[in-house]
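What the coordinates show
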Amino acid sequence: MTEDRDSHLDTRIVHAGLDPHAHHGIVNPPVYHASTILKPTLAEWEASNRAGYQGYSYGRSGTPTSRAFETAMEQLYHCDTAIAVPSGLAAIALALIGLTKAGDHVLVTDSAYYPTRRLCNTVLARYGVTATYYDPLLGAGIADLIQDNTSLVITESPGSVTFEIQDIPAIVAAAHARGAKVMIDNTWATAVHFNPFVHGVDVVVEAATKYVAGHSDVMVGVTLAGPELGPRLRSLANNLGYCCGPDDLYLALRGLRTISVRLARQQETGLLLARWFSARGEVARVLHPALPDDPGHVLWRRDFCGACGLFSVVSEPLPEAAGAAFVDGLKLFGLGASWGGYESLVMPSDPRKIRSATSWSEPGPLLRFHAGLEDPEDLIADLEAGFIRLNAAL
Ligand SMILES: Cc1ncc(COP(=O)(O)O)c(C=O)c1O
């Protein structure tokens, strides 16, 4: 397979991890369903049990299908190791468990995806790892929270409900000065819009369930790291028995090929909707870092090269029934968790319930929107009808 790390990202997205002539010229890597993998001789069996063996020894430890997905992700992020795992949350768990031990302390952004917080407060706590939550806007000020036993700073930029952009280079500098590692959940930006390794981040996780797979039908995650941490994380994934179904990996790799065109369109529609919401009197605030008046806009412009279709809208205070009238009649925005697929979504969230280091004082309820690939005019008509229902219920 040609190792192509030098061409432009869009070219790598199309060709990364492909090796058609190893498979009769078939363009996409075949789906290998495997548990047992036979060895032709005793010598090879023994070689396959030695550390550092490069072939395939057992389905759980990898197949050409999982390797194709991982190679593609390594090439997109320009990093040494990508480990395919069964979900985005599994990718987070692998990084957290791999980078901590009993007695350690972790710093967690207050804007983190809620299950990341739950993992820290339950699983890590049970194994003697303490967590302190910090204001996502702290930047270099995080230095004051780093303790001698802080092994990891957990970031998510932007936060996937409240969309604060973190000053990742400043956080990395402060963490590294005290010997702590930095992990980022890069699901919102993907490799297309932000490469955290360029900014010194040690471990990147991405829920490939979202934009990589892109069709709302697959659960896959990926944990990525450089040469220092990659082998340790791969060995942990092996010890934990983490592996992914080959059909899901195939679909994730298939989705990856179109990620940049989907993102370009979803970014455009997302911004169009965000601007449209900003002009509505019913709306108190739109949380989208690509809007020039967003508090994170300057950092977003400095570090990112694009946005996806996910953003939030905070309304003016309103009765519950009016909010329900808006959401319940939407025809094109499905009410559901997740995002990154081809379809538009809406989901309510209450940041007050998932924060501890900072307070949330926005006046009205928050709705998170995901812009899909529908015609933006139809989406706006759907939302417009929602506001008519909302106002009628006031
Ligand atoms: C920011 C973020 N990270 C991670 C995840 C977890 O991904 P998965 O659903 O594949 O476990 C999600 C899922 O919604 C998410 O929004």
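Notes on the structure in this doc start here. Every value quoted in this text rests on a predicted model; they were computed, and no experiment measured them.

Take helix α8 (residues 230–240) next. Along α8, the residues that are buried comprise G230, L233, L236 and A237. Along the axis of α8, the buried positions cluster into a sector of 130 degrees, meaning they face one direction only. Those residues of α8 that are exposed and aimed more than 90 degrees away from the buried face are P231 and N239. Close packing links the buried residues of α8 with β1 (81–85), α4 (88–98), β6 (203–207) and β7 (221–225). Where α8 ends, the next residue or the one after it, G241, has phi of about 80 degrees, a positive value.

Read across the sheet, five strands follow the order β8-β9-β12-β11-β10 without closing on themselves; strand pairing throughout is mixed. Edge positions in the open sheet fall to β8 (283–287) and β10 (334–335), since each of these has one partner strand only. Contacts from helix α10 (residues 259–278) reach β8, β9 (310–315) and β12 (366–370) within the one sheet, and its direction differs from that of β9 by about 10 degrees.

Turning our eyes to something else, we now look at the packing of aromatic side chains. Taken as a whole, this structure holds 13 aromatic pairs when the rule is applied. Arranged with centres 5.9 Å apart and planes meeting at 70 degrees, the rings of Y211 and W339 form a pair that is edge-to-face. Note that Y211 is positioned in the loop between β6 and β7 and W339 in the loop between β10 and β11 (345–349), a separation of 128 residues in sequence. The residues Y211 and W339 share a single accessibility class, namely buried. Ring centres 5.0 Å apart and planes at 55 degrees place the aromatic pair F326 and F387 in the tilted group. Of the two residues, F326 sits in helix α12 (residues 320–328) while F387 sits in helix α13 (residues 376–392), which places them 61 residues apart along the sequence.

Definitions and limits used
Residues numbered from 1 in each chain as written. Predicted model: local features only at pLDDT ≥ 70, side-chain atom pairs only at ≥ 80, totals over all residues. Heavy atoms only, no water. Buried < 20%, exposed > 50% of the residue type's maximum accessible area, 1.4 Å probe, protein only. Helix = DSSP H or I, 4+ residues; strand = E, 2+ residues; numbered from the N terminus. Arc of directions from axis to C-beta. Contact = heavy atoms within 4.5 Å. Pairing = 2+ DSSP bridges. Axes fitted to C-alpha atoms, helices over the stretch in contact; angles between N-to-C directions. Phe/Tyr/Trp six-rings, centres within 6.5 Å; stacked < 30°, edge-to-face > 60°.

That's the geometry; what it means functionally is another story.
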